[in-house]
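Analysis of the macromolecular model
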Amino acid sequence: MNIITLQIVLLAFAILMVYSLFLHWKKKDISNNLFFFWVFIFLVFVFIAVFPKILEPLLKELFLVRVMDLGMIGTFMILTYVTIENNIKIKNLETKIEKLVRRIALKKK
Amino acid sequence: MKIFVIVPVYNEEDRAIETINAILSEVNISIIVIDDGSTDNSYEMIKDEFKTDKRVIIYDHVINLGKGAAMKTGMKIAWKMGGEAVIFIDADGQHNPKYLPKFIEELEKYPIVFGYRPLDKKSPWIRRNGNKFAGWLIGVLFNVKRKDLLCGFLGFRKDVYKKINWKSNRYGIETEMATRVGKNKIPFSEVKIDTIYIDKYKGVTIFDAFKILVKIPFWYINK
């Protein structure tokens with residue numbers, strides 16, 4: 001897979017994600033702020049995918065050879081953060097649901 | 001001592017009534033049945049069967065939360081009704097209620113009583129060795145020696161509840177409880193019970209065992 005093919009794949013992925021976000025926004029599943037935030041993130045993603053050379057000064061600073069390496073490190077960091085955040089939110093939701101279900105059970109009698 | 005037997009039920013329409021009747025034939029104490037959001041007719045059937053029997057108190061969760069949450073709901077109801085101790089027994093009939101008098105007797109002497117199934121060659125290899133390994137690991141990390149870490153037939157008195165209050169909702173409650181017993185150095189007794197494996201697809205699966213293993217370091221950190 002050469003760089004152009006990879007860029008096409010990344011562009012297609014970004015378009016698909018923005019379309020998915022658009023559908024959720026239309027259904028009012030997500031707020032305007034969240035929609036535009038994610039669109040902005042994907043625009044940055046597309047910009048970097050199309051012009052990867054703009055990151056070269058940063059590569060030298062971080063002693064990395066390829067933009068791909070930087071992309072991988074950045075992706076892992078973001079995914080780890082999102083996973084931790086999701087995990088905490090799910091645990092909180094589980095606790096709230098448990099309390100609610102128990103309260104309903106006790107009130108029924 | 002006022003003791004309640006708690007039976008968490010989830011999709012056990014075939015066996016729950018039989019189990020409750022077996023308990024009633026062994027001991028004359030109140031039973032709190034918690035239907036944990038069953039998708040079959042367990043709740044309706046139990047309610048219908050025991051509508052005139054005041055010894056059977058039935059509650060239900062509107063959605064399935066897991067065995068640990070059902071146990072906790074049952075326990076809270078027991079404390080609310082003036083209970084001083086609770087004994088948990090599975091609804092699927094894998095715990096023989098004939099041991100209940102022994103549990104009651106032991107609860108007079110010890111704050112916690114665990115059932116244990118002899119881990120002989122009758123039990124499936126994976127369960128036997130998985131249980132042994134988990135028992136060894138918990139023993140090393142939490143300084144508590146248990147003969148059967150995964151047995152859900154257990155009871156405890158209200159005075160130790162806060163020390164063993166578990167957070168696990170699904171499988172792992174028994175293991176978490178054992179870690180808290182070790183941590184708080186709570187004296188306990190073990191009662192030998194029959195080994196009855198009803199359904200090999202129910203109970204703790206290898207995936208549940210893996211999840212329990214992952215949780216052990218967290219319990220250790222929170223020691």
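Residues numbered from 1 in each chain as written. Chains lettered and ligands numbered in written order. Predicted model: local features only at pLDDT ≥ 70, side-chain atom pairs only at ≥ 80, totals over all residues.

A closer look at the confidence of the model for chain B
- With 96% of its residues at a pLDDT of 70 or more, chain B has an overall mean of 89.
- Both scores are given for the predicted complex: the pTM is 0.79, the ipTM 0.71. (pLDDT = per-residue confidence, 0-100.)

Remarks on the pairing of strand 1 (residues 3–9) of chain B
Residue and element names in this part refer to chain B.
- Extensive coverage of strand 1 is indicated by the burial of seven of its seven residues.
- Examined bridge by bridge, strand 1 and strand 4 (residues 85–88) share four bridges and lie parallel to one another. Residue Val-5 lies in a different strand from strand 4, and its bridge partner there is Ile-87.
- As paired strands, strand 1 and strand 2 (residues 31–36) are joined by five bridges and run parallel to one another. Considered in strand 2, the bridge of Pro-8 is made with Ile-34.
- For the crossover from strand 1 across helix 1 (residues 16–26) to strand 2, the handedness is right-handed. (Buried ≥ 20, exposed ≤ 12 C-beta atoms within 10 Å, placed from the backbone. Helix = DSSP H or I, 4+ residues; strand = E, 2+ residues; numbered from the N terminus. Pairing = 2+ DSSP bridges. Right-handed = clockwise from strand over helix to strand, strands pointing away.)

Some words on the sheet that holds strand 4 of chain B
Residue and element names in this part refer to chain B.
- An order of 3-2-1-4-6-5-7 is seen for the seven strands of this open sheet, with the pairing classed as mixed. Edge positions in the sheet fall to strand 3 (56–61) and strand 7 (188–192), since each of these pairs with one other strand and no more. With strand direction ignored, the average angle separating the axes of adjacent strands in the sheet is 20°.
- Taken together, the five bridges between strand 5 (residues 112–116) and strand 7 define a ladder with parallel strand orientation. Paired with Phe-114 across the two strands is Glu-190, which belongs to strand 7. (Axes fitted to C-alpha atoms, helices over the stretch in contact; angles between N-to-C directions.)

Digging into the nonpolar core
- The biggest cluster of nonpolar side chains holds 62 residues, and the ones touching the most others in it are Val5(B), Ile6(B), Val7(B), Val33(B) and Val86(B).
- Discounting residues that sit within four places of it in the chain, Val7(B) has contacts with Thr19(B), Ile20(B), Ile31(B), Val33(B), Ile89(B) and Ala91(B). (Core = buried A, V, L, I, M, F, W, Y, C linked by C-beta atoms within 7 Å. Contact = placed C-beta atoms within 7 Å.)

Examining helix 1 of chain B
Residue and element names in this part refer to chain B.
- Every buried residue of helix 1 is listed here: Ala-16, Thr-19, Ile-20 and Ile-23. The arc enclosing the buried residues of helix 1, seen along the axis, measures out at 95°, which places them on a common side.
- Of the surrounding secondary structure, the elements contacted by the buried residues of helix 1 are strand 1, strand 2, helix 2 (42–49), strand 3 and helix 4 (100–109). (Arc of directions from axis to C-beta.)

A look at unusual backbone geometry
Residues and elements named next belong to chain B.
- Residues other than glycine seldom take positive phi values, yet Asn-143 does so here, at roughly 55°.
- Phi angles above zero are rare outside glycine, and Lys-185 is one such case at about 50°.
- With respect to the helices and strands, the residue Lys-185 is situated in the loop between helix 7 (173–183) and strand 7.
- On the basis of neighbour count, Lys-185 is assigned to the exposed category, with 9 C-beta atoms found within 10 Å.

Some details on the interface of chain A and chain B
- Each partner contributes residues to the interface: chain A has six residues there, and chain B has nine residues.
- In terms of residue class, the side of chain A that touches chain B is made up of three nonpolar, no polar and three charged. (Nonpolar A, V, L, I, M, F, W, Y, C, P; charged D, E, K, R; others polar.)

Some points on the confidence of the model for chain A
- When pLDDT is averaged along chain A, the result is 91, and 98% of the positions lie at 70 or above.
- Per-residue pLDDT, averaged within each element of chain A, yields its smallest value for helix 3 (residues 56–61) of chain A (87) and its largest for helix 2 (residues 32–50) of chain A (94).

Focus on the environment of Val39(A)
Residues and elements named next belong to chain A.
- Within the secondary structure, Val-39 sits in helix 2.
- Take Val-39: there are 16 C-beta atoms within 10 Å of it, and that puts it in the partly exposed class.
- In this structure, the C-alpha to C-alpha distance between Val-39 and Leu-70, residues 31 residues apart in sequence, is 22 Å.
- If near-sequence neighbours (up to four positions away) are discounted, Val-39 is found in contact with Val-18 and Leu-21.

Considerations on the domain arrangement of chain A
- Per the domain assignment, the segments making up chain A are domain 1 (1–50) and domain 2 (64–109).
- Inter-centroid distance (C-alpha atoms) of domain 1 of chain A to domain 2 of chain A is 22 Å. (Domains from an automatic or database assignment.)

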